[in-house]
Amino acid sequence: MFCGIVAGDVPAFRVTDEPDGVAFLDTRPVFPGHVLVVPRPHLVTLGDLPAAALPGYFALVQRVALAVESGLGAGGTFVAMNNKVSQSVPHLHTHVVPRTRGDGLRGFFWPRRRYADDAEATDHAARITAALA
């Protein structure tokens, strides 16, 4: 579906159409003005985005976030991306959601918990650090 929007074959409420990506309104917004930013090529996850495309894509996301805030008079934005799990459309996309104080959105959409102890936190940090190497 997003490839069709990028190609212009599927109608969308476009915010911008640029070499680094296309931004359009989500048809089922968390709040009015909720924008999706997608890269032009069909990529499924953030890991599929070539390193050379990162600066342009995330500069576009940043500009859209600032425009949502100023254009809608929002107090801020919530910027998020799902990869594989909870990714309703298998095309890389970044959500830019306008926020205002008292809008009812509380933190993240999922339950949060503390680490059992420092050892558990240290173990998780070490495993991620090793994977980065």
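Quick note: structure is the one above.
Residues numbered from 1 in each chain as written. Predicted model: local features only at pLDDT ≥ 70, side-chain atom pairs only at ≥ 80, totals over all residues. Heavy atoms only, no water.

Participant: I would appreciate a short explanation of a nonpolar patch on the surface in the present structure.
Facilitator: A contiguous nonpolar patch, built from F13, V15 and L25 and spanning about 290 Å² of accessible area, is present on the exposed surface. On the secondary structure map, L25 appears in strand β2 (residues 21-25). Given a relative accessible area of 33%, L25 falls into the partly exposed group. (Patch = residues over 30% accessible without salt bridge, like charges linked within 9 Å, V, L, I, M, F, W, Y side chains within 5 Å. Areas by Shrake-Rupley, 256 points an atom, 1.4 Å probe, with all protein chains shown as cover. Salt bridge = Lys/Arg side-chain N within 4 Å of Asp/Glu carboxyl O. Helix = DSSP H or I, 4+ residues; strand = E, 2+ residues; numbered from the N terminus. Buried < 20%, exposed > 50% of the residue type's maximum accessible area, 1.4 Å probe, protein only.)

Participant: Can you walk me through the sheet that holds strand β1 (residues 14-18) in this structure?
Facilitator: Two strands in a sheet stick together by hydrogen bonds in their backbones, pointing the same way (parallel) or opposite ways (antiparallel). If you walk across this open sheet you meet the five strands as β1-β2-β3-β5-β4, and the pairing is antiparallel. This sheet does not close on itself; its edge strands, each paired only once, are β1 and β4 (76-80). Each strand of the sheet is rotated relative to its neighbour by a mean of 15°, with strand direction disregarded. Both β2 and strand β3 (residues 35-38) contribute to a ladder of four bridges, which runs antiparallel. Considered in β3, the bridge of V22 is made with V38. The strands touched by helix α2 (residues 54-72) are β1, β2, β3, β4 and β5 (94-99); relative to β5, the strand with the most contacts, the crossing angle is about 20°. (Pairing = 2+ DSSP bridges. Axes fitted to C-alpha atoms, helices over the stretch in contact; angles between N-to-C directions. Contact = heavy atoms within 4.5 Å.)

Participant: Any chance you could explain the packing of aromatic side chains here in plain terms?
Facilitator: When we look at a pair of aromatic rings, we describe it by the centre distance and by the angle of the planes. Here the structure, examined in full by the defined rule, presents two aromatic pairs. Here F2 and F24 contribute two aromatic rings whose centre-to-centre distance is 5.4 Å and whose plane-to-plane angle is 70°, an arrangement assigned as edge-to-face. Here F2, found in helix α1 (residues 2-7), pairs with F24, found in strand β2; they are 22 residues apart in sequence, far enough to count as distant. Look at F2 and you get buried, because its relative accessible area is 4%. (Phe/Tyr/Trp six-rings, centres within 6.5 Å; stacked < 30°, edge-to-face > 60°.)

Participant: Would you mind showing me how to read the environment of V44 here?
Facilitator: Residue placement: V44 occurs in the loop between β3 and α2. Exposure remark for V44: the relative accessible area of 29% places this residue in the partly exposed category. Between the C-alpha atom of V44 and that of L92, which follows or precedes it by 48 residues, the distance is 4.8 Å. Those residues within four positions of V44 in sequence are excluded, and the remaining contacts are Q87, P90, H91 and L92.

Participant: Looking at this model, I keep getting lost on the pairing of β1. Mind explaining?
Facilitator: For a regular strand, side-chain orientation follows a simple rule: the groups alternate between the two sheet faces. As paired strands, β1 and β2 are joined by four bridges and run antiparallel to one another. Each residue of the ladder has a partner; that of T16, found in β2, is A23. Hairpin connection, β1 to β2: the antiparallel pair is bridged by two residues.

Participant: What should I look at first to understand the nonpolar core in this one?
Facilitator: Side chains of a nonpolar character, in soluble globular proteins, are inclined to be buried together. Counting 13 residues, the largest nonpolar core has V35, V37, V64 and V96 as the members making the most contacts within it. Those elements that provide at least two residues to this core are β3 and α2. In terms of residue count, the dominant contributor to this core is α2 (six residues). Ignoring any residue separated from it by four or fewer positions in sequence, one finds V64 in contact with A23, V35, V37 and V96. With eight residues, the next largest nonpolar core counts F2, V6, L36 and V89 among its residues. (Core = buried A, V, L, I, M, F, W, Y, C linked by side-chain atoms within 4.5 Å.)

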